[in-house]
Amino acid sequence: MTPPPTLPRQASAPDGGGTRPPTAEDRRHVVKRRWITAIIIVLLIGVPAGYLAISTQQSRESGRDKAAKIGATKVRPGWPSKVQRSIYEVPIPDKAWRVGFLETNNWRTSRLFTAFAVTPADLDGFLASVGTSRAALNQGEVAISPHDAEVAGWSWSPKASWYGITLEQPNPRPTRDITVDLTDPEQPKVYVVSTTTP
């Protein structure tokens with residue numbers, strides 16, 4: 001007995017009629033997946049781009065500050081750091097005012113230029129802390145060289161009462177040229193150039 005002929009399988013309709021239409025639940029999944037994808041893209045691209053922009057701005061500002069410090073050619077208002085004061089052995093009294101400084105460096109020498117005003121008692125304290133005294137100062141002497149004065153932007157009026165001393169020390173400790181203006185004995189002004197040779 002011959003088997004009955006097999007009928008060919010019917011292909012599903014090309015428009016997908018053989019599959020069930022998407023439900024509302026499936027649409028929710030699609031929308032949710034798209035939102036998650038968008039959030040991931042924002043996190044992977046937007047956040048690093050934001051950090052990069054902030055970092056670039058900070059780098060620019062830091063570069064400007066460094067350029068201003070390196071390009072400075074005159075003493076400017078402000079206190080040298082504790083590290084600078086320690087390296088150059090310039091113990092500025094805590095209550096000093098009108099404080100200014102400038103640091104210069106080259107392959108041979110490093111210098112810290114400082115200027116400040118103090119009370120008479122603080123002047124005596126400062127001089128004692130650097131190993132000298134008011135009595136050891138030379139009347140009428142400016143201990144700072146014309147070249148260093150020009151770099152710092154200092155000028156010495158012939159009408160002022162100048163006192164100076166140079167305190168030399170063996171390397172690597174700094175040599176300090178100290179000039180004091182005692183024109184107003186109640187408000188002495190101190191000028192120091194401390195030089196180190198690495």
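Refer to the structure above for everything that follows.
Residues numbered from 1 in each chain as written. Predicted model: local features only at pLDDT ≥ 70, side-chain atom pairs only at ≥ 80, totals over all residues. Heavy atoms only, no water.

**Student:** Tell me what's going on with the pairing of strand S3 (residues 110–117), and back it up with residues and numbers.
**Tutor:** S3 sits mainly inside the fold: seven of its eight residues count as buried. Pairing geometry for strand S2 (residues 97–105) and S3, over seven bridges, is antiparallel. From the neighbouring strand, Phe-101 faces S3, where its bridge partner is Thr-114. Taken together, S2 and the strand that follows it, S3, pair antiparallel across an intervening segment of four residues. As paired elements, S3 and strand S7 (residues 189–196) share eight bridges and run antiparallel to each other. In the sheet register, Ala-115 faces S7, and the bridge partner there is Tyr-191. (Buried < 20%, exposed > 50% of the residue type's maximum accessible area, 1.4 Å probe, protein only. Helix = DSSP H or I, 4+ residues; strand = E, 2+ residues; numbered from the N terminus. Pairing = 2+ DSSP bridges.)

**Student:** Before we move on, can you summarise the nonpolar core with the specific residues and values?
**Tutor:** For soluble globular proteins, the rule of thumb is that nonpolar side chains tend to be buried together. If you look at the biggest cluster of nonpolar residues, it comprises 21 residues, and the most contacted ones within it are Val-90, Phe-116, Leu-123, Phe-126, Ile-178, Val-190 and Val-192. Mapped by element, the contributors of at least two residues to this core are S2, S3, helix H3 (120–129), strand S5 (162–167), strand S6 (175–181) and S7. In terms of residue count, the dominant contributor to this core is H3 (three residues). Excluding residues that lie within four positions of it along the chain, Val-192 makes contacts with Val-90, Leu-112, Phe-113, Thr-114, Phe-116, Phe-126, Ile-144, Trp-154, Arg-176, Asp-177 and Ile-178. (Core = buried A, V, L, I, M, F, W, Y, C linked by side-chain atoms within 4.5 Å. Contact = heavy atoms within 4.5 Å.)

**Student:** Describe the side chain of Thr-109, listing the residues and the values that go with them.
**Tutor:** Tracing the sequence through the fold places Thr-109 in the loop between S2 and S3. Here the side chain of Thr-109 touches Arg-111 through a polar contact of 3.3 Å, side chain to side chain. When residues no more than four places from it in sequence are discounted, the contact partners of Thr-109 are Thr-104, Thr-195, Thr-196, Thr-197 and Pro-198. (Polar contact = N/O pair within 3.5 Å; in protein donor to acceptor, adjacent residues only side chain to side chain.)

**Student:** So, the sheet that holds S6: which residues are in play, and what are the values?
**Tutor:** In a beta sheet, neighbouring strands are held together by backbone hydrogen bonds and run either parallel or antiparallel to one another. Strand order in this open sheet of seven strands is S1-S2-S3-S7-S6-S5-S4, and the pairing throughout is antiparallel. The open sheet has two edge strands, strand S1 (76–77) and strand S4 (138–139), and neither has a second partner. Sheet topology note: the S6/S7 ladder contains seven bridges and is antiparallel. Paired with Ile-178 across the strands is Val-192, a residue of S7. Packing against the sheet, H3 makes contact with S3, S6 and S7, and its axis sits at approximately 15 degrees to S7. (Axes fitted to C-alpha atoms, helices over the stretch in contact; angles between N-to-C directions.)

**Student:** Pulling in residues and values, what's your account of a nonpolar patch on the surface?
**Tutor:** On the surface, Ile-36, Ile-40, Ile-41, Leu-44 and Ile-45 cluster together into a nonpolar patch covering about 490 Å² of accessible area. Tracing the sequence through the fold places Ile-40 in helix H1 (residues 24–71). (Patch = residues over 30% accessible without salt bridge, like charges linked within 9 Å, V, L, I, M, F, W, Y side chains within 5 Å. Areas by Shrake-Rupley, 256 points an atom, 1.4 Å probe, with all protein chains shown as cover. Salt bridge = Lys/Arg side-chain N within 4 Å of Asp/Glu carboxyl O.)

**Student:** I'd love a proper account of H3, names of residues and values included.
**Tutor:** When H3 is considered as a whole, its buried residues turn out to be Leu-123, Phe-126 and Leu-127. Here the buried residues of H3 occupy an arc of 95 degrees about the axis, which is enough to place them on one side. Opposite the packed face of H3, turned more than 90 degrees from it, sit the exposed residues Ala-121 and Ala-128. On its buried face, H3 is in contact with S3, S6 and S7. Positioned one or two residues after H3, Gly-131 has a phi angle of 90 degrees, which is positive. (Arc of directions from axis to C-beta.)

By themselves, these are just geometric observations and shouldn't be taken as functional.
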